[in-house]
Each structure stands twice: as structure tokens, then as C-alpha cells.
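# Observations on the three-dimensional arrangement
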Amino acid sequence: MLLHNGTRLGNPWAMKTTLYGIKNCDTMKKARSWLESHGIDYEFHDYKVEGIERARLESWLNVAGWETLLNRAGTTFRRLPDDAQANIDERKALRLMLEQPSMIRRPVLERGRTLLVGFSPEKYSALAK
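In short, a report on the structure. All of these numbers come straight from a predicted model, not from anything done at the bench.

Relative to each other, helix α2 (residues 54–64) and helix α6 (residues 90–99) sit at 135°, their axes nearing to 11 Å. In terms of axis orientation, α2 runs oblique to α6. You can see that α2 and α6 cross each other, and the crossing is right-handed. Of α6, the residues touching α2 (which contributes Arg54, Leu57, Glu58 and Leu61) are Glu90, Leu94, Met97 and Leu98. For the contact of α2 with α6, the class distribution of residues is five nonpolar, no polar and three charged.

To continue, consider the sheet that holds strand β4 (residues 114–117). In space, the four strands of this open sheet follow the order β2-β1-β3-β4, with mixed pairing throughout. Edge positions in the open sheet fall to β2 (43–46) and β4, since each of these has one partner strand only. If you compare each strand with its neighbour and ignore which way they point, the axes differ by 20° on average. Packed onto the sheet, helix α1 (residues 26–37) meets β1 (17–21), β2 and β3 (108–111) and runs at close to 165° relative to β1. Contacts from α2 reach β1, β3 and β4, with the element oriented near 85° to β4.

What counts, and at which threshold
Residues numbered from 1 in each chain as written. Predicted model: local features only at pLDDT ≥ 70, side-chain atom pairs only at ≥ 80, totals over all residues. Heavy atoms only, no water. Axes fitted to C-alpha atoms, helices over the stretch in contact; angles between N-to-C directions. Helix = DSSP H or I, 4+ residues; strand = E, 2+ residues; numbered from the N terminus. Parallel < 35°, antiparallel > 145°, perpendicular 65-115°, else oblique. Left-handed = near helix turned anticlockwise from the far one by under 90°. Contact = heavy atoms within 4.5 Å. Nonpolar A, V, L, I, M, F, W, Y, C, P; charged D, E, K, R; others polar. Pairing = 2+ DSSP bridges.

Next up, the structure:
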């Protein structure tokens with residue numbers, strides 16, 4: 001298992017994999033396709049439809065940090081008024097992501113104690129080794 005910080009702990013695919021994101025996001029489609037082409041079973045959680053639990057988001061913040069999780073490049077964030085975009089700290093980022101989960105960077109892959117934010121074939125391939 002590869003933790004966000006690069007620490008390995010056993011076989012990452014021996015446990016349940018959950019992929020979090022938004023169904024129609026292009027990056028999500030790439031991640032889903034990669035998992036499927038590598039025969040990795042996963043559950044998909046559309047947090048735009050299903051929302052995201054505060055406790056889960058807080059645990060992600062503890063592992064990856066709010067700067068990694070908050071998608072400042074996305075349309076939802078860019079449409080915020082200037083005052084909402086200013087002076088962001090962890091508390092404000094948490095509130096924004098809970099109110100509008102589409103501001104969470106995608107995808108988020110959760111596998112036991114493994115958490116990957118964003119997608120790249122290299123990052124996912126490292127897990128399968």
C-alpha cells in the first residue's frame with residue numbers, strides 16, 4: 001500500500017477501493033478507465049450527487065492537506081466572488097468543499113489507509129506494484 005507520503009504497506013488491491021469524484025469529469029473518466037483496464041474493482045462515489053461526509057473530508061485534509069484537495073482551477077471555484085476566494089485557510093476550504101463538493105480536486109482514490117488525489121497513470125501504476 002502506498003500512502004500519500006510514499007510509504008508502502010502491503011498489497012493495495014487486497015482491500016476495497018473507492019473512487020470519489022464527479023461522473024462526467026474527464027479526469028474521472030481517465031481514472032475509471034485505468035482501473036477497469038487493470039482489472040481493479042472499485043466503487044464509485046459521485047460526491048456531486050451523494051455529497052461528502054464531513055468526517056471523511058476532514059480525514060482527507062489530514063492526509064493530503066487542504067491545498068491539495070481544494071480545486072482552485074475549477075469553474076466552481078473561479079465563479080466564487082473575490083471575497084470568497086480570498087484568505088483561504090483550512091477551515092474556509094473545508095466549508096467551501098462541503099457546501100460545493102465539485103470544488104474537491106478529482107479523483108480521490110481511497111484504499112484502506114491509501115489516499116491518492118488527482119490522476120496520473122504513473123501514480124496509479126505505483127500502487128499496483
